[in-house]
Amino acid sequence: MIEIKVKAGHAHKQRDDAVVLPLLDNRKLTQSGTALQQETGKTLPSFLKKHDCTGEFGKSRTLYDVAGTFTQRVLLLGAGEEKKLTLHKLRILAATVARKLDSGGARDISLFLSELHVRNASLFDKVQAITEGVLLGLYRFDKYQQNKDKTNRRLRSVTIMVTSRRDLKQAESAVTRAQAIALGTNFARDLANEPGNVCTPEYLGRQAAALSHPQLHVTVMDKHEIQTAGLNALLAVNQGSAKEPRFIVLEYQGGTEGDAAVALVGKGLTFDAGGISIKPGHLMEEMKFDMCGSAAVLGIFKAATEMDLSINLLGVIPSTENLLGASAYKPGDIIRGYKKDISIEIQNTDAEGRIILSDALAYAAERNPAEIIDFATLTGACVIALGAQASGLMGTDEKLKKRLKESGDETYDRVWELPMYEEYQEQIKSDIADIRNIGGREAGTITAACFLSRFVGDIPWAHLDIAGTAWNMKGTDLSAKGATGAGVRLVLNYLINKVNRPK
Ligand code: BES
Ligand code: ZN
Ligand code: ZN
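What you see is a predicted model, and the numbers here were worked out from it, not measured in a lab.

### Some thoughts on a nonpolar patch on the surface
Right, on to step 1. Together, I276, I278 and L324 make up an exposed nonpolar region whose accessible area comes to about 250 Å².
Right, on to step 2. Note that I278 resides in the loop between strand 11 (268-272) and helix 9 (292-306).

Next comes the structure, spelled out in structure tokens:
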């Protein structure tokens, strides 16, 4: 990963390839820009007027060889109206400028963005946001393209400038925090962007087992062990695939011994063709992303271990493909999973996520965690309801849901709640078994959650449907085309807040 440094100093003295100064609306410079202007003979104001640099958000202008400076170029980055700035806008500014200078051939750059005033934000928050923006914004998945852009990629270090030496310590710890968060998010993106022929259940198991920390224990069950454990719902979905399933259990004891863990459960469908209820061909290739829930869980473990987060975590990942082999499970089949007292009628083999999650949730609940949060690309209906801007949030615990919503607003990894009224449970009643795996056309995201709710017992539970947010084929401000890492920053920030909250 690219190096991030913090430093206190003046803009005109920096020797980096580029110095980035914010420009507010109406051509107002901030502190460091004003200082640079005084040092360099006031060339900036006339330049700004002549060249119509208004400071509009996201627009930038590069000045080369400004007299009195030691840098090749001064980049004036439009930050818009200071009153309207948010931490997320800061992330976007950092991501935009890092991408621009990276492809422009700069190696070392310094950013004077932390002096921007953001309402209710500390210096720590701002430096964290800037670092996240840089590291998330620069992410690319180009390992399968030999020559793509590689020659243009030069960025080696980014120095985040602060106004006073007294701020260095706080800024450094913000960078460390953000680096761990970005590491986890980009790890999740890497896993999910791998194609289905590489990222198989076995591959996910190996990636999980490769996570290393003295307090982390990872168990990867193979098909035989899954059979012995009685994880029969996972096995049912796996019947149509030639590849073995995996059931991954991660235990991280970063907190007090004996404290109940937070359980994180993630759907790990490495390719979802729909099974016998086969999907249409259009965009079916995107179903390699059907393991983004498991990628989010692994990304969170990666970051939590990286920052030695003081909390106990339990991770549970059921993983298989959903294909159409000769022994594939069929519509009409009735199965009993790990929770044997509930019989499930399969009416559509494409509603497989809830099937494998039923085993994982029941398994997690049996271990009495403090709460369960699951991540799943569960329903196309959620894409229709919320699009790419928010993950669907459902669950049984008001406090947990409220805190996830708050975390979503803080991280901009946003969630929106859908109701789980008792009446919706009617829709998954079966004529021949206890429940069926589809609930009809109406409220598809909610009835999927109703199905899951049958397997969590009375453990406080929240469900995140990330079907619309987990990947984005247009790309977003912070994410290249492909997997976004949705859910990672959301839940990491939730966990960090939980650790820091007085008991
Ligand atoms: N993995 C899909 C959900 C999905 C679809 C996510 C499109 C992202 C984009 C899931 O396994 C599925 O196929 N769900 C069905 C359920 C239906 C048969 C009740 C769906 O949403 O169509
Ligand atoms: Zn499906
Ligand atoms: Zn699926």
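### A short note on the domain arrangement of the protein
Right, on to step 1. As far as domains go, the protein holds domain 1 (3-162) and domain 2 (182-500).
Right, on to step 2. Put simply, the middle of domain 1 and the middle of domain 2, counted by C-alpha atoms, are 38 Å apart.
Right, on to step 3. Both sides together, the interface formed by domain 1 and domain 2 hides about 1,400 Å², and carbon and sulfur atoms give 60% of it.
Right, on to step 4. Our count for the contact surface shared by domain 1 and domain 2 stands at two salt bridges.
Right, on to step 5. A salt bridge links R489 to E132; its shortest N-O distance comes to 3.7 Å.
Right, on to step 6. Joining domain 1 to domain 2, the criterion identifies nine residue pairs in polar contact (both at pLDDT 80 or more).
Right, on to step 7. Elements with a contribution of two residues or more to the side of domain 1 that touches domain 2: helix 3 (87-103) and helix 4 (123-137).
Right, on to step 8. The class makeup of the residues in the side of domain 1 that touches domain 2 is seven nonpolar, three polar and four charged.

### Notes on the coordination of the zinc ion (ligand 2)
Right, on to step 1. Taken together, the protein ligands of the zinc ion (ligand 2) are D272 (OD), D350 (O), D350 (OD) and E352 (OE), with distances of 2.0 to 2.2 Å.
Right, on to step 2. Geometry at the zinc ion (ligand 2) is irregular, judged from its six donor atoms and the angles of 70 to 166° they form at the metal.
Right, on to step 3. Spacing between the donor residues of the zinc ion (ligand 2) along the chain follows D-x77-D-x1-E.
Right, on to step 4. Between the zinc ion (ligand 2) and the zinc ion (ligand 3), a separation of 3.2 Å is found, and both are coordinated by D272. Of this pair, D272 sits in strand 11 while E352 sits in the loop between strand 14 (343-345) and helix 10 (353-366), and the two are 80 residues apart along the sequence. Residues D272 and E352 agree in their burial class; the two are buried.

### Considerations on the site of ligand 1
Right, on to step 1. By nearness alone, 16 residues border ligand 1, and K279, D290, D350, E352 and G380 come closest of all.
Right, on to step 2. Taking D272, its side chain carries an N or O atom lying 2.9 Å from an oxygen atom of ligand 1.
Right, on to step 3. Here an oxygen atom of ligand 1 and a side-chain polar atom of K279 are 2.8 Å apart.
Right, on to step 4. Bound to the protein, ligand 1 loses 77% of the 510 Å² it would expose on its own.
Right, on to step 5. Here the shell around ligand 1 is built from residues that sort into five nonpolar, four polar and seven charged.

### Brief notes about the coordination of the zinc ion (ligand 3)
Right, on to step 1. Coordination of the zinc ion (ligand 3) by the protein is provided by K267 (NZ), D272 (OD), D290 (OD) and E352 (OE), with metal-donor distances spanning 2.0 to 2.4 Å.
Right, on to step 2. One way to put it: the six donor atoms around the zinc ion (ligand 3) meet at angles of 77 to 175°, and that makes the site octahedral.
Right, on to step 3. Each donor residue of the zinc ion (ligand 3) belongs to the same chain, with the gaps between them written as K-x4-D-x17-D-x61-E.

### Details of helix 1 (residues 31-39)
Right, on to step 1. Burial in helix 1 covers these residues: S32, G33, L36 and Q37. The arc that holds the buried residues of helix 1, viewed along the axis, is 140°, so those residues lie on one side. What points out from helix 1, more than 90 degrees from its buried face, is the exposed set Q31 and Q38.
Right, on to step 2. At its buried positions, helix 1 is contacted by strand 2 (18-24), strand 3 (28-29) and helix 2 (44-50).
Right, on to step 3. In the segment just after helix 1, G41 is the residue with positive phi, at about 85°.

Cut-offs used in this document
- Residues numbered from 1 in each chain as written.
- Chains lettered and ligands numbered in written order.
- Predicted model: local features only at pLDDT ≥ 70, side-chain atom pairs only at ≥ 80, totals over all residues.
- Heavy atoms only, no water.
- Patch = residues over 30% accessible without salt bridge, like charges linked within 9 Å, V, L, I, M, F, W, Y side chains within 5 Å.
- Areas by Shrake-Rupley, 256 points an atom, 1.4 Å probe, with all protein chains shown as cover.
- Salt bridge = Lys/Arg side-chain N within 4 Å of Asp/Glu carboxyl O.
- Helix = DSSP H or I, 4+ residues; strand = E, 2+ residues; numbered from the N terminus.
- Domains from an automatic or database assignment.
- Buried area = accessible area lost by both parts, 1.4 Å probe.
- Polar contact = N/O pair within 3.5 Å; in protein donor to acceptor, adjacent residues only side chain to side chain.
- Nonpolar A, V, L, I, M, F, W, Y, C, P; charged D, E, K, R; others polar.
- Donors = N, O, S within 2.8 Å, 3.2 Å for Na, K, Ca; no water.
- Tetrahedral: all angles 85-135°; square planar, octahedral: opposite > 155°, others 65-115°.
- Buried < 20%, exposed > 50% of the residue type's maximum accessible area, 1.4 Å probe, protein only.
- Near = heavy atom within 4 Å.
- Arc of directions from axis to C-beta.
- Contact = heavy atoms within 4.5 Å.

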